Amino acid sequence: MEKLLDVKGLSTEFRTERGIVKAVNNVSYHVGKGEILGIVGESGSGKSVSQLSLMQLVPNPPGKVVAGTAAFDGVNLLKFGRKSREMCAIRGREVSMIFQEPMTSLNPAMNIGNQMSEVLMTHLGIEKADALERSADMLAQVGIADSKKRLADYPHQFSGGMRQRVMIAMAMLCTPKLIIADEATTALDATIQAQLLELLYSIVSEHGVALTMVTHNLGVVARYAQRVNVMYAGRIVETGMVKDIWASPLHPYTEGLISCVPKLDEKLEAIPGMPPTLINRPPTCPFLARCKYRQKSCFDDPAAELTFVDDVHATSCNVMLKEAGLL
């Protein structure tokens, strides 16, 4: 599959009073054209920060992308400044992002019509009347009734699920090549979440748009994505095809996430312990304190780099890599 986005060695840090937080630590991955990629992990694993880094939306200070490249259609996004003309042209036009909380993403002082038409007028140079017409059509596509009338309404006049539908519509207005859905349905109830995920999946599939789905729910990824990156403590600890990882995980953390997915007639398991602090973290495996497969050597060996065991499946677990004869 041809690569649309190719990230290599991405590292993002935050300077705090307690020290430097390595929120994203040497992350490399790619997204193919028209592919759905899942990125999963607990809160604080670096999922959202990695995506905000690509979009040049990490607040500086205190955050800063300190290393890496992100080639989007052959152009390195990280060479542009946050407010540069080049980045502003790409952000929203070529790459769109659906944020976790639409109430804080939408402008409460502007009606929906003005916010949506502004996207089209800025990126495509469309006249206001035509932009409003296209915005109403897109709202109708995402299931909002009386879409023309609703353009005059403000964000607070929509429910949480409808606000997220507006965000999906805004993300699709310019038919981008890549959409990043950052925990896009987490704050919604299960029924609305399922409806919106199906809606998003149908839209990106119909238009051939690539989708990066950021979530803490491996079950959601298993339903919609082709490949998945599992992140922990700012690193990708396992990557591969969803069906392969679900059937045979090669990292204890991935195994723990799978066990957290609710199943009928089975007791819900939890991963013991808490994620480590990312300030002055020791060089050993970050999952060491929570791992049930740890060995004596794990306390002395540095954390393994992500190593491929076949063409697409890779892990950073020392124990698994030794069993495979790769360490």
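I will try to describe carefully the structure that is included in this document.

1. Observations concerning the packing of aromatic side chains
Going through the model one piece at a time under the given rule, you end up with 4 aromatic pairs. On the numbers, 5.2 Å between centres and 90° between planes, the contact of Y232 with F287 is edge-to-face. Placement of the pair is Y232 in strand β9 (residues 227-232) and F287 in the loop between α11 (252-259) and β11 (307-308), with a sequence separation of 55 residues. Of the two residues, Y232 and F287, neither departs from the other in class, the shared state being buried. Clustering of aromatic rings is evident, with ring pairs tying together Y232, Y253 and F287. Sitting over the ring of F158, R150 keeps its end group 4.1 Å from the ring centre.

2. A few points about the side chain of R227
Mapped onto the secondary structure, R227 falls in strand β9. A distance of 2.6 Å separates the side chain of R227 from the backbone oxygen of H30, its partner in a polar contact. Other than its neighbours up to four places away in sequence, R227 contacts H30, V31, E35, I36, L37, G38, T239, G240, M241 and V242.

3. Focus: empty space enclosed by the protein
Under the counting rule described, the total for this entry stands at 2 cavities of 30 Å³ or more. By volume, the largest cavity is sized at about 100 Å³. Around the largest cavity sit H251, P252, C285, F287, L288, C291, R294, C298, S316, C317, N318 and V319, which together line it. Taken together, the residues of the lining of the largest cavity sort by class into 8 nonpolar, 3 polar and 1 charged. Volume-wise, the second largest cavity comes out at about 30 Å³. In this structure, the second largest cavity is lined by Q164, I168, A184, T185, L196, L197 and L200. Within the residue set of the lining of the second largest cavity, elements represented by two or more residues are α7 (160-172) and α8 (190-207). A per-class count over the lining of the second largest cavity returns 5 nonpolar, 2 polar and no charged.

Rules and cut-offs
Residues numbered from 1 in each chain as written. Predicted model: local features only at pLDDT ≥ 70, side-chain atom pairs only at ≥ 80, totals over all residues. Heavy atoms only, no water. Phe/Tyr/Trp six-rings, centres within 6.5 Å; stacked < 30°, edge-to-face > 60°. Helix = DSSP H or I, 4+ residues; strand = E, 2+ residues; numbered from the N terminus. Buried < 20%, exposed > 50% of the residue type's maximum accessible area, 1.4 Å probe, protein only. Lys NZ or Arg CZ within 6 Å of the ring centre and 35° of its normal. Polar contact = N/O pair within 3.5 Å; in protein donor to acceptor, adjacent residues only side chain to side chain. Contact = heavy atoms within 4.5 Å. 1 Å grid on protein atoms, 1.4 Å probe; cavity = no way out; pocket = protein on both sides within 12 Å on 5 of 7 lines; lining within 4 Å. Points joined across faces, edges and corners; volume = space filled by probe spheres on them. Nonpolar A, V, L, I, M, F, W, Y, C, P; charged D, E, K, R; others polar.

Don't take any of this as a statement about function, it's just geometry.
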